[in-house]
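Understanding the architecture of this molecule
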Amino acid sequence: MGKGMRFILTLTASLALLTAPSTAETLRFDSAETWQTWTIPPGLVRVDAEGALRLTKYRKEVDAVRDAHLFTHATQERGEVAGGIWAAGSGRATAEGAIDGDPATFWQPDPADALKNWFIDIDLGRAVLARHIRLTFPDRDGARPLRQFTVYVTTGARIQATADVFKFEPVYRTTLPNHATSLTIPLEYPATDTVLTVDPSMTIDRDRENRYQVIQYISIVVENQSSEAALAEVEVLTVGDNISIGATERGAFLNGTVAAAPANLFDADINTTNLITSGRGDQGWEAAGTWFYVDLGAVFFVDELFLYVIRKFEGTSGNHRGTAGPGHRILVSDGSQSVGTALPVPVALDYGELLTHVDPKTDLLYRIRYKFRPRRMRYMFWHGLTDRDWQESKWSEFMLFSPGYPAQVTLQSAFIDLSRTAGDGRPKVIKHLAWDADLPPRTQLQLRSRSGNTLAPVYTFHNKIGEEVTEEKWISSPKVLRGAIDTALVVGEDWDAWSNVYQFSREAFKSQSPRRFVQLELILSTDDPENAATVNSLSIEFDAALISQARGRIEPRSARPNAETRFTYTLMPSAGVGDDGFDLMRFDLPGQIELSNVSVETGAGSALAAPASLRGDSLLVALPEPIRDDSVRVSFTARLVRNATVFGLDLGSSAQPDLWQSVEPAERRANIVMLPALTAATRLIDDLAITPPVLTPNGDGINDQVHIRFVALKIEDRTPRAQVFDLAGRMVATLPAPTIDGA
């Protein structure tokens, strides 16, 4: 019943609605060009050749060489570079043949070059968790396998602060001439078992899972010259796609005082680190600031977390005595709201514990794989178990791995200017949102909208070195110290809130209309990481407004609960050149009324012969002729039982039966009626009527049934229950749900 019984007014106009050719226009999103106007979390969505929107599927057992070119990273000497061939001392023109996925092409060094130049270096574009390296060689006239060579790898940690110089470690060296066309080189650390299972009784192949190594660069150095020496393919099999990559662009980070730069853990770059230091005493992790918070920017299914700790003298770290620390706890959330939280996070969410690891420092762990059954995860909160004994720990990576598609991805359109699309600069009546989508089992598409007529600029001020400053500081600074001013557009005050989710394609537009601007929010979700929705197209159907502007107000603005009150709704239209006007008024009124009490008059006070009728949950008033500029007053009598009752009105035209234009409040809350007495009232029942007053259920057909009617006030639950008790307070029956008049 929702804070009281709701009166539903339904009117059917006693006239034939004439049809006319549709003048509706359609704006479609069905190509890479149109989808690129949307804000899409980086790396999570792609548009195929047909213009369909598809989610990215995160894979297991991935060859990192095949997609190395898709990843870029910063270097000291070359700037931002993409993965691929880092260097080739000889045969540079053929080097791409070793990483193109085609065994028929190959890298072949030039026999005229000195042996010291017979090497090829490959950059994977990011640090990966690799299982093995596989080399494939051609074996035909003019191209034979490399006979003597060594394979080196490195994490990509620079050993010079200002130069791209790395320390390579050998992982394979030939002892006899090689004649094989395929060679697999396993990767592993000669250290403690560092694969830990989080879920009890979870079984894994520990021998296999403990074979891994973090690498970014591979160097293959030939040690014996031959005119036919060639290398056809290099493959690097990894644990899977690292979903942490991209979190810095699509998500957000917060941290406590002594856990600096957590974003550096999510960039797949060993050279950027998160520094954790000890507090100033036994303050506890929260007071000392031994914590950080991560928003991954979307909800993922996650089944593994890998932690990489920088060791002493690794890269340029020096003798920092870093360790995995005295212990930590990781909490995660999929974004479900919570009433409150004790965590220092921006929004109260429902967090659950993923894992607690006590004192990994004592176990001398520097590389830790935490494996668990898939969790839905968007937010992560990490904190130390104590603020002491961190000894300036430098952590480099938090790699996260997934068994498939993201669980939920949210996309937003830009502010769509329908008046510009139509080319006339006028607000539009948005009729429908439509979509064509493939929805496998357990997948879902949710679409919401909001609309408005104005956009407001927001200015961001910077000083000369690019730092953000306040407007006051920028104005007071000398001109030589002022930097750029960035301008962004945000919704104006006339925008409505996000609508409810659309239940089906071509459902009537749920936001205010007509409007010049509209914005859409699209949420794609799945409960099965093996399946995801595909959006083939999305469209907005709109039409010219009946009149340029329509505003209205209800009077009086307050009433007594459940008391007959005479209301008057005043409509104030404003037409422009070319407006057709309206001859139908559709009210969404909050109660039952008598049609005989409905009266309609013009702004000048002239009564109009406007038949009113009930249709579904609406009151329909049919005007004798189209109106463009004249105001209209509609009066009626109703009982209200819900506080802050909204009186909605749409305008229509008998010539365009599918076109409805919503009326906006003349001023803030001008279409809302308050019930002040209801807030302070303690009674829940009003107008109780029992017919007949005496019940004698003895089967004689007289007074065997009783009818109970009442008005329920301040009720939240819309599903009432009826139970019968005897005088001793014992329940003797539960009745079917009662009929709700005007519910």
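Right, let's get into the overall build of the chain. The helix and strand inventory of the chain stands at seven helices and 52 strands. Against the compact-globule benchmark of 27 Å for 743 residues, the chain has a radius of gyration of 35 Å, which places it well outside the compact range. The principal-axis extent of the C-alpha atoms belonging to the chain is close to 105 × 70 × 65 Å. Within the chain, the proportion of its 743 residues that are buried is 47%. Measuring between centres, the 74 positive side-chain charges of the chain sit 3 Å from its 93 negative side-chain charges.

Here three strands make up an open sheet; going across it, the order is S32-S31-S33 and the pairing antiparallel. The open sheet has two edge strands with one neighbour each: strand S32 (468–469) and strand S33 (482–491). Pairing of strand S31 (residues 455–463) with S33, which is carried by eight bridges, proceeds in the antiparallel orientation. Opposite Phe461, over in S33, you have Ile485 as the bridge partner.

Enumeration according to the criterion identifies 31 aromatic pairs in this entry. With a centroid separation of 5.9 Å and 65 degrees between ring planes, the pair formed by Phe292 and Phe398 is classed as edge-to-face. Within this pair, whereas Phe292 is found in strand S22 (residues 291–309), its partner Phe398 is found in strand S26 (residues 393–401), the two being separated by 106 residues in sequence. Ring pairing ties together the aromatic residues Phe253, Phe266, Phe292, Trp382, Trp390, Trp395 and Phe398, which thus form one cluster. The ring of Tyr366 has Arg311 sitting right over it, with the charged end atom 4.3 Å from the ring centre. The residue whose ring lies beneath Arg482 is Trp474, and the NZ or CZ to ring-centre distance is 4.7 Å.

The subject of this paragraph is the sheet that holds strand S43 (residues 632–638). The five strands are arranged S40-S43-S38-S37-S47 in an open sheet whose pairing can be described as mixed. This sheet does not close on itself; its edge strands, each paired only once, are strand S40 (599–602) and strand S47 (664–665).

This next bit is on the pairing of strand S46 (residues 656–662). Along S46, five of the seven residues are buried, which leaves the element largely enclosed by surrounding structure. Pairing geometry for strand S45 (residues 648–653) and S46, over four bridges, is antiparallel. Considered in S46, the bridge of Leu651 is made with Gln661. Remark: two residues form the turn of the hairpin made by S45 and S46, two consecutive strands paired antiparallel.

A grouping of Ile690, Leu695, Val706 and Ile708 is seen on the molecular surface, where their side chains present a nonpolar patch of about 320 Å² in accessible area. Note on placement: Ile708 falls in strand S50 (residues 707–712).

So, on to the environment of Gly492. Mapped onto the elements of the fold, Gly492 is located in the loop between S33 and strand S34 (507–508). Residue Gly492 is classed as buried on the basis of its relative accessible area of 12%. Linking Gly492 and Pro427, residues 65 residues apart in sequence, is a C-alpha distance of 15 Å. Apart from the residues lying within four places of it in its own chain, the contact partners of Gly492 are Thr454, Leu455 and Ala456.

Here we take up the side chain of Asp303. Its location among the elements puts Asp303 in strand S22. If we ignore the near neighbours within four places in the chain, the residues touching Asp303 are Lys60, Tyr370, Lys371, Phe372, Arg373, Pro374, Phe401, Ser402 and Pro403.

Further remarks concern the pairing of strand S39 (residues 582–588). Counting buried residues in S39 gives five out of seven residues, a clear majority hidden from the surface. The pairing of S39 with strand S42 (residues 618–627) spans five bridges and is antiparallel. Residue Met585 lies in a different strand from S42, and its bridge partner there is Val621. Note that S39 and S45 share five bridges and pair antiparallel.

Relative to the helices and strands, Asn210 resides in the loop between helix H2 (206–209) and strand S16 (213–222). Its relative accessible area of 17% is what places Asn210 among the buried residues. Placed 19 residues apart in sequence, Asn210 and Ala191 show a C-alpha to C-alpha distance of 9.5 Å. Of the polar contacts made by the side chain of Asn210, one reaches the backbone nitrogen of Thr194; its length is 3.2 Å.

For the chain, mean pLDDT is 88; residues scoring 70 or higher make up 93% of the total. Here residues 1–22 scores under 50 on pLDDT; set against residues more than four positions off or in separate chains, the count is 97 contacts.

Conventions used here
- Residues numbered from 1 in each chain as written.
- Predicted model: local features only at pLDDT ≥ 70, side-chain atom pairs only at ≥ 80, totals over all residues.
- Heavy atoms only, no water.
- Helix = DSSP H or I, 4+ residues; strand = E, 2+ residues; numbered from the N terminus.
- Rg over C-alpha atoms; globule rule 2.2 N^0.38 Å.
- Buried < 20%, exposed > 50% of the residue type's maximum accessible area, 1.4 Å probe, protein only.
- Lys, Arg positive; Asp, Glu negative; His and termini not counted.
- Charge placed at Lys NZ, Arg CZ, Asp CG, Glu CD.
- Pairing = 2+ DSSP bridges.
- Phe/Tyr/Trp six-rings, centres within 6.5 Å; stacked < 30°, edge-to-face > 60°.
- Lys NZ or Arg CZ within 6 Å of the ring centre and 35° of its normal.
- Patch = residues over 30% accessible without salt bridge, like charges linked within 9 Å, V, L, I, M, F, W, Y side chains within 5 Å.
- Areas by Shrake-Rupley, 256 points an atom, 1.4 Å probe, with all protein chains shown as cover.
- Salt bridge = Lys/Arg side-chain N within 4 Å of Asp/Glu carboxyl O.
- Contact = heavy atoms within 4.5 Å.
- Polar contact = N/O pair within 3.5 Å; in protein donor to acceptor, adjacent residues only side chain to side chain.
- pLDDT = per-residue confidence, 0-100.

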